[in-house]
Amino acid sequence: MKPDLFQAPDYYLLDDLLTEEHKLVRDSARAWVKREVSPIIEDYAQRAEFPKQIIKGLGEIGGFGPYIPEEYGGAGLDQISYGLIMQEIERGDSGVRSTSSVQSSLVMYPIWKFGTEEQRMKYLPKLATGEFMGCFGLTEPDHGSNPSGMTTNFKDMGDHYLLNGAKMWISNAPFADVAVVWAKNEEGRIHGLIVERGMEGFTTPETHNKWSLRASATGELIFDNVKVPKENLLPGKSGLGAPMMCLDSARYGIAWGAIGAAMDCYDTALRYAKERIQFDKPIAGTQLQQKKLAEMITEITKAQLLTWRLGVLRNEGKATTAQISMAKRNNVDMAINIAREARQILGGMGITGEYSIMRHSMNLESVITYEGTHDIHLLITGADITGIPAFK
């Protein structure tokens, strides 16, 4: 088991833009990742298993709903603190960050924003500690980039709703206690429903044979005449805009998280390049390797500036969906390219589990696709700047 020697790059002294609280939150998360995630994550990824024992720790460092008000069990932190926590967790592993950001932005966020006071008090405190784990049901087997075409539906049966349909590619599904599920009513209007494990007809089969996010639990949500109590409907907002607001929050977290994965790959490659001797000198002294490393730190620095500014806009309530979309697409694309270049610097060693790079590279192949593919995010930006949607 190799020690975690990670040192975060800060080429433009961006720490000067952070408050003392920001740095305390980030450093606490970083120390926890070094202590609890780094020593075990390669083994769990090789076994394709999520390390459930870290759930309590994720809650303790603010990994679950850090921006949720304290009255509901959250930490009441700002959006930059949320981003920094996601950055540090994904520095450890994208799959662990997926578990965290799904719980925060796709489960706790809609209950907080669209739920009743009774729903908030019932679910949020337990979700904040990890006593309850949640998942988010939007994507369907035939409806990914076009969620408005969903076929999952519910009917009003008088004293309850009857839910039918299926969702897939759902992080946390195999062990989730609650699911925030998006489905159409009889008029075709999309609503959110809180579905609890144990409801008859609700099953969550696990997805196996993944080459990516192997330390994250992925599954399906199957609804076969599930009776959902009427008080489990989220009344605050309906229509596709409701789940899209959740995705804005999650995509924002991903934009920060991807920087963590990139920083880990860069730091690993830089350290290796200084130590690896070929032709009687460290490979860090060769022009081609310096080109790779210089481009990596440049792209990381640009991404750091992008997300910091986006965090300020989120705190001020000014960030648009299109701005969030740009950051998610740019930063994940940046990270996956850095992972590939870093792997080349390490040569054959780069494909082994002795280093984190290949695991990051495989994970990022999922991150570049989920919560809006690379191409869909380009089209969101294109529609925003031209005023002409090109999705069809």
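Computed from a predicted structure; not experimentally measured.

Peer 1: Requested: an account of the packing of aromatic side chains, with residues and values cited.
Peer 2: Taken as a whole and assessed by the stated rule, the structure comprises 11 aromatic pairs. With a centroid separation of 5.0 Å and 80 degrees between ring planes, the pair formed by Tyr-67 and Tyr-82 is classed as edge-to-face. Taken together, the residues span a long stretch of sequence, with Tyr-67 in the loop between helix H2 (55–60) and helix H3 (79–92) and Tyr-82 in helix H3 at a distance of 15 residues. Summarising the burial analysis for this pair, Tyr-67 and Tyr-82 share the class buried. Stacked on the ring of Trp-112, the Lys or Arg Lys-113 has its end atom at 4.6 Å from the ring centre. The ring of Tyr-252 carries the charged tip of Arg-314 above its face, separated from the ring centre by 5.3 Å.

Peer 1: Kindly report on a nonpolar patch on the surface, identifying the contributing residues and their values.
Peer 2: On the surface, Tyr-11, Tyr-12, Leu-17 and Leu-305 cluster together into a nonpolar patch covering about 440 Å² of accessible area. Relative to the elements of secondary structure, Tyr-11 occurs in the segment before helix H1 (20–47).

Peer 1: Which residues make up the UniProt feature "domain: Acyl-CoA dehydrogenase/oxidase N-terminal" (unreviewed entry) in the chain, and what are the values?
Peer 2: Under the local residue numbering, the UniProt record ascribes the feature "domain: Acyl-CoA dehydrogenase/oxidase N-terminal" (unreviewed entry) to residues 19–131. In the segment residues 19–131, helix accounts for 73% and strand for 0%; the C-alpha atoms at its two ends are 30 Å apart.

Peer 1: Report on the pattern of salt bridges, specifying residues and quantitative values.
Peer 2: Under the criterion given, the structure shown has 22 salt bridges. Across the salt bridge formed by Glu-42 and Arg-359, the nearest N and O atoms sit 2.9 Å from each other. Placement of Glu-42 in helix H1 and of Arg-359 in helix H9 (residues 357–367) is noted, with a sequence separation of 317 residues between them. Here Glu-42 matches Arg-359 in class, with each residue buried.

Peer 1: An account of the pairing of strand E4 (residues 178–184) is requested, with residue identities and associated values reported.
Peer 2: The buried fraction of E4 amounts to 6 of the 7 residues, a majority that puts the element mostly inside the structure. Strand direction decides the pairing type here: strand E1 (residues 134–137) and E4, joined by 4 bridges, are parallel. Directly across from Cys-135, in E4, lies its bridge partner Ala-179. With antiparallel pairing between neighbouring strands as the criterion, E4 and strand E5 (residues 190–196) make up a hairpin whose turn holds 5 residues, including Gly-188 at a positive phi of roughly 85 degrees.

Peer 1: How would you summarise the UniProt feature "domain: Acyl-CoA dehydrogenase/oxidase C-terminal" (unreviewed entry) in the chain if you had to cite specific residues and measurements?
Peer 2: Following the UniProt record, one finds the feature "domain: Acyl-CoA dehydrogenase/oxidase C-terminal" (unreviewed entry) at residues 238–383. Spanning residues 238–383, this segment combines 75% helix with 3% strand, and its end C-alpha atoms are found 24 Å apart.

Peer 1: Tell me about empty space enclosed by the protein, and please be specific about residues and values.
Peer 2: Where empty space is left can be seen by rolling a probe of water-molecule size over the atoms. Counted according to the given criterion, the structure contains 1 cavity of 30 Å³ or more. Here the largest cavity defines a volume of roughly 40 Å³. Forming the boundary of the largest cavity are Ala-45, Asp-93, Trp-211, Ser-212, Leu-213, Arg-214, Ala-215, Arg-359, Met-362 and Asn-363. At 3 residues, the largest contribution of residues to the lining of the largest cavity is made by H9.

Peer 1: Which residues make up the pairing of strand E3 (residues 160–171), and what values go with them?
Peer 2: Within a regular strand, side chains alternate between the sheet's two faces. Here 4 bridges tie strand E2 (residues 153–156) to E3, and the two strands are oriented antiparallel to one another. Across the sheet, the residue bridging to Asp-156 is Tyr-161, located in E3. Alignment of E3 against strand E7 (residues 218–229), held across 9 bridges, turns out to be antiparallel. When the bridges of E7 are listed, Ala-166 appears paired with Ile-222.

Peer 1: Explain the environment of Lys-237 residue by residue, including any values.
Peer 2: Looking at the secondary structure, you find Lys-237 in the loop between strand E8 (233–234) and helix H6 (241–275). Of the residues examined, Lys-237 reaches a relative accessible area of 31% and is grouped as partly exposed. Taking the C-alpha atoms as reference points, Lys-237 and Gly-62, separated by 175 residues in sequence, lie 26 Å from one another. Each residue touching Lys-237, except ones within four places of it in the same chain, is listed here: Phe-114, Ala-242 and Met-245.

Rules behind the numbers
Residues numbered from 1 in each chain as written. Predicted model: local features only at pLDDT ≥ 70, side-chain atom pairs only at ≥ 80, totals over all residues. Heavy atoms only, no water. Phe/Tyr/Trp six-rings, centres within 6.5 Å; stacked < 30°, edge-to-face > 60°. Helix = DSSP H or I, 4+ residues; strand = E, 2+ residues; numbered from the N terminus. Buried < 20%, exposed > 50% of the residue type's maximum accessible area, 1.4 Å probe, protein only. Lys NZ or Arg CZ within 6 Å of the ring centre and 35° of its normal. Patch = residues over 30% accessible without salt bridge, like charges linked within 9 Å, V, L, I, M, F, W, Y side chains within 5 Å. Areas by Shrake-Rupley, 256 points an atom, 1.4 Å probe, with all protein chains shown as cover. Salt bridge = Lys/Arg side-chain N within 4 Å of Asp/Glu carboxyl O. UniProt positions renumbered as here; feature names shortened; annotations may be inferred. Pairing = 2+ DSSP bridges. 1 Å grid on protein atoms, 1.4 Å probe; cavity = no way out; pocket = protein on both sides within 12 Å on 5 of 7 lines; lining within 4 Å. Points joined across faces, edges and corners; volume = space filled by probe spheres on them. Contact = heavy atoms within 4.5 Å.

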